[in-house]
Each structure stands twice: as structure tokens, then as C-alpha cells.
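Results of the structural survey
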Amino acid sequence: MADDFDWNDIPLVLALARSGSMSAAARQLGVDASTISRRVAAAEKALNLRLFTRAPTGYQLTDAGQVFVERGEAVYGSVQSMLLASTREAETIAGAVRVSAIDFLFDHWLVKHVGALCARHPALEVNLVADNQNVSFSRREADFALRLAPPADDAAVLMRRLGEIGWAVYGAPAFAGVPREDWGSQPWIALEEALAHVPEMRWLARLAPRPRQPLRVNSLSTMVNACRAGVGMALLPCIVGEDEGLLRLSGAEVTRELWLLSHRDAVSIGRFKLVAGWLAQLFDDSRAALCGAAR
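Residues numbered from 1 in each chain as written. Predicted model: local features only at pLDDT ≥ 70, side-chain atom pairs only at ≥ 80, totals over all residues. Heavy atoms only, no water.

Now for the overall build of the chain. From N to C terminus, the chain includes 10 helices and 10 strands. Against the compact-globule benchmark of 19 Å for 295 residues, the chain has a radius of gyration of 32 Å, which places it well outside the compact range. Each principal axis of the C-alpha atoms in the chain carries an extent, and together these give about 105 × 35 × 25 Å. Relative to its 295 residues, the chain shows a buried fraction of 41%. A sequence separation of at least 24 residues applies to 73% of the contacts in the chain between residues at least 6 apart. (Helix = DSSP H or I, 4+ residues; strand = E, 2+ residues; numbered from the N terminus. Rg over C-alpha atoms; globule rule 2.2 N^0.38 Å. Buried < 20%, exposed > 50% of the residue type's maximum accessible area, 1.4 Å probe, protein only. Contact = heavy atoms within 4.5 Å.)

Below, the discussion takes up the UniProt feature "domain: HTH lysR-type" (unreviewed entry) in the chain. The feature "domain: HTH lysR-type" (unreviewed entry), as given by UniProt, occupies residues 5-62 in the numbering adopted here. Its end C-alpha atoms 19 Å apart, residues 5-62 is made of 57% helix and 14% strand. (UniProt positions renumbered as here; feature names shortened; annotations may be inferred.)

This part takes up the sheet that holds strand β9 (residues 234-237). Here we have 6 strands laid out as an open sheet, ordered β4-β3-β5-β10-β6-β9, and mixed in their pairing. Where the open sheet ends on each side, the last strands, each with one partner, are β4 (124-130) and β9. Going across the sheet, the axis of each strand differs from the next one's by a mean of 25°, ignoring polarity. Most of the contacts of helix α8 (residues 220-228) go to β9, to which it runs at about 130°, and overall it touches β6 (157-171) and β9. (Pairing = 2+ DSSP bridges. Axes fitted to C-alpha atoms, helices over the stretch in contact; angles between N-to-C directions.)

Core analysis: the largest hydrophobic core is formed by 60 residues, its most contacted members being Trp109, Phe144, Leu146, Trp203 and Leu258. Per element, the largest residue contribution to this core is 9 residues, and it comes from helix α10 (residues 270-291). (Core = buried A, V, L, I, M, F, W, Y, C linked by side-chain atoms within 4.5 Å.)

This next bit is on unusual backbone geometry. Here the bond from alanine 208 into proline 209 is cis, since omega is -5°, no more than 30 degrees from zero. Within the fold, proline 209 resides in the loop between α7 (199-205) and β8 (215-217). Notably, asparagine 48 is not glycine yet its phi reads approximately 60°, a positive angle. Tracing the sequence through the fold places asparagine 48 in the loop between α3 (33-47) and β1 (52-55). For asparagine 48, a relative accessible area of 69% corresponds to the exposed category.

Low pLDDT marks regions whose predicted coordinates should not be analysed in detail. Averaged over every residue, the pLDDT of the chain is 88; residues scoring 70 or more account for 91%. The least confident element of the chain is helix α4 (residues 63-91), whose mean pLDDT is 75; the most confident is β9, at 98. (pLDDT = per-residue confidence, 0-100.)

It is worth spelling out the pattern of salt bridges at this point. Under the criterion given, the structure shown has 12 salt bridges. Residue arginine 216 is joined to glutamate 193 by a salt bridge in which the shortest nitrogen-to-oxygen separation is 3.3 Å. Linking arginine 216 in strand β8 with glutamate 193 in the loop between β7 (189-191) and α7, this pair joins segments that are 23 residues apart in sequence. Here the residues in one salt-bridge network are Asp6, Asp9 and Arg39, joined through shared partners. (Salt bridge = Lys/Arg side-chain N within 4 Å of Asp/Glu carboxyl O.)

All right, on to the side chain of serine 100 then. Of note, serine 100 is situated in strand β3 (residues 95-101). Residue serine 100 is classed as buried on the basis of its relative accessible area, which comes to 1%. Polar side-chain contacts of serine 100 include one of 2.8 Å to the side chain of arginine 147. Apart from the residues within four sequence positions on either side, serine 100 is in contact with Phe106, Val129, Asp131, Val135, Ala142, Phe144, Ala145, Leu146 and Arg147. (Polar contact = N/O pair within 3.5 Å; in protein donor to acceptor, adjacent residues only side chain to side chain.)

Packing of helix α1 (residues 10-19) against helix α2 (residues 22-29) leaves a shortest axis separation of 8 Å and a crossing angle of 125°. For the element pair α1 / α2, the angle class is oblique. For the pair α1 and α2, the sense of crossing is right-handed. Of the residues in α2, those in contact with Pro11, Leu12, Ala15, Leu16, Arg18 and Ser19 of α1 are Met22, Ala24, Ala25, Gln28 and Leu29. The residue inventory of the contact of α1 with α2, partitioned by class, reads 8 nonpolar, 2 polar and 1 charged. (Parallel < 35°, antiparallel > 145°, perpendicular 65-115°, else oblique. Left-handed = near helix turned anticlockwise from the far one by under 90°. Nonpolar A, V, L, I, M, F, W, Y, C, P; charged D, E, K, R; others polar.)

Following the criterion strictly, the structure yields 9 aromatic pairs and no others. A centroid spacing of 6.1 Å and a plane angle of 80° characterise the contact between phenylalanine 104 and tryptophan 167, whose relative ring orientation is edge-to-face. One end of the pair, phenylalanine 104, is in helix α5 (residues 103-107); the other, tryptophan 167, is in strand β6, with 63 residues separating them in the sequence. Like tryptophan 167, phenylalanine 104 is buried. (Phe/Tyr/Trp six-rings, centres within 6.5 Å; stacked < 30°, edge-to-face > 60°.)

Okay, structure coming up:
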């Protein structure tokens, strides 16, 4: 078969074979009769075959045309079935959805609500992947990622700013009476040196006098437990501190943006559209707690 054969001409050839009339085929397909004539001629030229002969009763198939139509009907039917199945799959709320996020968003927020989502859509499978590293949407390492900063470069990413998350100061009851001007003289639990660049650690570095940091950790859960044990004061996400029942000592001192990232193609798949809408609505419903307004 010639490389320049246009597969879009198959339904035109089939319509002409069924009706035997250029005008009838044109009405069936909603095009001009001249378009049918031109495209059938182009198909015959590309195939180097005569598909039709003109008879008094209309257009008749040649032997080669008969073979073409028999195979063409099968091919066209398979294509239609493929498109229908693909459309149904795209609209179906079923299958796996991978969501990547830093673990505290799962542990102190999403896991409280994901059960209701799965109950409404029992064929949906939600995979929560605790990871704050960049993921490749091009390689489909995740379908969605909740991040505290937008990615610098990934052409396949669709970005949506959900809002802000707040960090406040928490401590054991022994720190309840410490005035703000004396915070710098208190012990603080800090993240490891490799995370000194994050906004909450930059805030801590600005306290005066520069506070003593007897404990550095690389785990938020460890920081929470150390704070509860009275090791020092700590700047924690408000949703974590409130959830853990720690004593809150301030309003929101630091806010960070929360971004929902996804592959650009995800908006055309039913289960992905559903989860994207669910995440956005869930943030709106939880906005006060996440940003630290709720006490």
C-alpha cells in the first residue's frame, strides 16, 4: 500500500459502496458530493487501484473494491470499537491513581478523608506515595503531586495553586509562659543542616539571640515527639501540632504555598479529573486548619 494513502478516506469509500451514489454518500457524511468524488479519486490513486466503475444504476465496486470494502468494514468497525472503549475507559471512575506528597499531608490530612472517597467510588484505587522529591510526570512516576513549591521545569506538568499552609510555634507546657521576646534564649528543635534553606528554618535563624538547637532531626514525627517530651520549642505545621494535641504558643509564623501538580493529559481521564477536583475541594474545606487560622 502506498504511504500516502489517507486512512480518513475509508469511511467515504464505504459510504459510496453502500449507497452507490455520490450525493447520497455526501448526505450521509454531511459533506459535499465533490468532496466524496475528490477523496475517492485520491484513494484510488494512492492505492493504484480502481475501486469503482460508473454504471447507469450508480457506482459499482470492482473486484479489488469489493475486497477493500470487506476488509475496510472490519477495520472501521474495530476503530469505532476502540474509540468507544477508550471513551468509556476515560469516563470510568476506576483504576489506580498515584498521589505523591510529603508524609505529614497524608498522615494529618488526607487519610482522614480518603476513605469516604473510596466508599463513593469502590472501583477507584488510591496509592499514597510519601515522597517530597521531584517526580517525573513524563515517566508517569505519579499522577498527582502535592508540593510546597512549583517545579522549575517540566513541560508535562499542569500546576494549580491550592492555597497556603501555616506553621506555628509549639512546645510542652513548661514553655507556656515564655514571652515572645525570650524565644531566642530557649532551646529549639531544628531540622537537619541540609534543610537549613527551607522557610521555617530561615525563620528560626532570624530569632535573636540565635537560639540553641540541642536537637536536629530529619523527620517531622521525631520533631513532634521531641517537642512533646520537652526537649525544646518547635515550629510545626499547624495541622500537625493541633492534631498531636501540642501546646500552641503563637499564630502562624510562616506560610508556604501548596501546589497540586499533575500530567497535562490527566484532565482528559475520568478518575484523574475526579481526584483533582476532590483534592481541590478538600483543601477549600480544610483551609482554616491548614493555614493555621483554626485553634
